[in-house]
Amino acid sequence: MKLKFTKMHGAGNDFVVIDAINQKIDFTPAQWQKLGDRRFGVGADQILVVEKSDVPGCDFRYRIFNNDGGEVEQCGNGSRAFVKFVVEKGLTSARKITVETMAGIIAPSLEADGSITVDMGAPVLDPAQVPFVAEGLQGQPEGRETLWPLMLELGGQRESVQVSVVSMGNPHAVQVVADVDAAPVELVGPLIEHHVRFPKRVNAGFMQLVNRQHVKLRVFERGAGETLACGTGACAAVVAGIRRGLLDSPVRVDARGGQLSIAWAGEGQPVYLTGPAVTVFEGEINI
Ligand SMILES: N[C@H](CCC[C@H](N)C(=O)O)C(=O)O
């Protein structure tokens with residue numbers, strides 16, 4: 001079939017966005033993978049699918065596929081591209097929309113100055129619900145947070161890294177490092193992503209503290225590898241840092257592809273993600 005799509009990015013985290021309201025989409029994981037393939041397809045970190053929602057009061061449904069073809073629960077940078085897409089395509093006259101995702105309802109809004117803020121909902125902090133298997137581990141309390149010693153096999157050596165585990169609807173394991181640019185993200189990221197204690201795999205965050213309201217962050221994403229920015233990863237990292245007593249809301253998050261801002265008022269409260277969304281080009285592909 002000939003498929004119309006829009007190529008977009010949020011702080012360098014790039015997407016193929018598809019209007020599945022006006023196009024009939026029924027793809028196999030292999031077809032999603034092809035769309036995300038940077039040589040055999042269009043190429044993107046994730047594919048975002050816009051559908052009508054059946055949930056009363058919800059404007060749209062938002063489906064997210066990593067470029068490994070797997071469908072996932074949430075995408076923060078994608079939610080900003082989503083609201084820009086539906087406004088630019090005339091699919092809504094609203095500027096603040098409610099969107100049904102696999103992880104629950106989120107509410108992106110397009111501000112008059114073009115910036116976009118998303119109510120990402122409250123973080124899930126119970127390790128079992130991330131999900132993370134803590135059995136047999138001695139968690140290290142720090143502030144309101146618990147640091148979990150994750151055992152990794154690195155070059156025949158067993159090394160332990162201390163991670164916070166947080167869900168934004170999708171799972172995150174966040175560690176603090178002295179220097180993100182020197183952090184072994186390509187080596188350690190996959191070991192954490194596929195660690196046996198994460199039954200649904202996990203996004204691995206590496207956070208450097210600049211000051212109490214400014215961090216640098218790299219994320220090795222589940223199902224996509226290292227991306228230039230990860231919105232839910234930024235949310236999870238800031239939540240973990242605030243709970244550890246290391247950060248104060250709001251926090252500036254410097255990702256490799258751009259700048260995000262995260263605000264969180266504490267347990268049970270929503271996390272607000274603010275950042276850019278850019279439309280790069282429109283296209284068609286035979287898929
Ligand atoms: N790789 C993530 C999905 C995309 C999240 C990221 N691109 C964001 O902006 O939140 C996962 O498997 O949970």
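Residues numbered from 1 in each chain as written. Predicted model: local features only at pLDDT ≥ 70, side-chain atom pairs only at ≥ 80, totals over all residues. Heavy atoms only, no water.

Under an unreviewed UniProt entry, the name given to the protein chain is Diaminopimelate epimerase, and the source organism is Massilia eburnea. Under the UniProt heading Function (unreviewed entry), the note attached to the protein chain is "Catalyzes the stereoinversion of LL-2,6-diaminopimelate (L,L-DAP) to meso-diaminopimelate (meso-DAP), a precursor of L-lysine and an essential component of the bacterial peptidoglycan." (UniProt positions renumbered as here; feature names shortened; annotations may be inferred.)

Re the site of the ligand
The environment of the ligand is made up of 15 residues, and the closest members are Gly 76, Glu 221, Arg 222, Gly 231 and Thr 232. A distance of 2.9 Å separates an oxygen atom of the ligand from a polar atom in the side chain of Asn 66. Asn 203 is positioned such that a nitrogen or oxygen atom in its side chain is 2.9 Å from an oxygen atom of the ligand. Summarising the interface, the protein chains cover 100% of the accessible area of the ligand, which totals 360 Å² for the free molecule. Here the ligand occupies the largest cavity. For the shell around the ligand, the secondary structure elements donating two or more residues are helix 2 (76-88) and helix 4 (231-243). Here the residues of the shell around the ligand sort into three nonpolar, ten polar and two charged. No fewer than three residues from each of domain 1 (2-119 + 276-286) and domain 2 (127-269) sit in the shell around the ligand. (Near = heavy atom within 4 Å. Polar contact = N/O pair within 3.5 Å; in protein donor to acceptor, adjacent residues only side chain to side chain. Areas by Shrake-Rupley, 256 points an atom, 1.4 Å probe, with all protein chains shown as cover. 1 Å grid on protein atoms, 1.4 Å probe; cavity = no way out; pocket = protein on both sides within 12 Å on 5 of 7 lines; lining within 4 Å. Sits in = over half its atoms within 2 Å of the grid points. Helix = DSSP H or I, 4+ residues; strand = E, 2+ residues; numbered from the N terminus. Nonpolar A, V, L, I, M, F, W, Y, C, P; charged D, E, K, R; others polar. Domains from an automatic or database assignment.)

Comments concerning the layout of surface pockets
Left-over empty space is what a probe sized like a water molecule reveals as it rolls over the atoms. Estimated volume of the largest pocket: approximately 160 Å³. In this structure, the largest pocket is lined by 13 residues; those nearest its centre are Lys 4, Phe 5, Asp 19, Gln 23 and Lys 89. Secondary-structure elements contributing two or more residues to the lining of the largest pocket are strand 1 (2-10), strand 2 (13-19) and strand 19 (278-286). Here the lining of the largest pocket is composed, by residue class, of five nonpolar, four polar and four charged. (Points joined across faces, edges and corners; volume = space filled by probe spheres on them.)

Some points on the environment of Ile 287
For Ile 287, the location among the structural elements is in the segment after strand 19. What Ile 287 contacts, discounting residues up to four positions off in sequence, is Met 1, Leu 3, Phe 27, Gln 31, Lys 34 and Leu 35. (Contact = heavy atoms within 4.5 Å.)

Some remarks on the environment of His 194
One can find His 194 in the loop between helix 3 (185-193) and strand 13 (203-211). Distance in space between the C-alpha atoms of His 194 and Lys 89 is 38 Å, their sequence separation being 105 residues.

Some remarks on the domain arrangement of the protein chain
Partitioning the protein chain into domains gives domain 1 (2-119 + 276-286) and domain 2 (127-269). Taking only C-alpha atoms into account, the centre of domain 1 sits 25 Å from that of domain 2. Tallying the contact residues gives 18 residues for domain 1 and 20 residues for domain 2. Carbon and sulfur atoms supply 45% of the area buried between domain 1 and domain 2, which totals about 1,200 Å² over both sides. The three residues of domain 1 that bury the most area against domain 2 are Ala 11, Glu 73 and Gln 74, which together make up 35% of that side's buried surface. Across the contact surface, domain 1 and domain 2 share two salt bridges. Ionic pairing is found between Arg 222 and Glu 73, a salt bridge with its closest N-O pair at 2.6 Å. At the junction of domain 1 and domain 2, the tally comes to six residue pairs in polar contact (both at pLDDT 80 or more). (Buried area = accessible area lost by both parts, 1.4 Å probe. Salt bridge = Lys/Arg side-chain N within 4 Å of Asp/Glu carboxyl O.)

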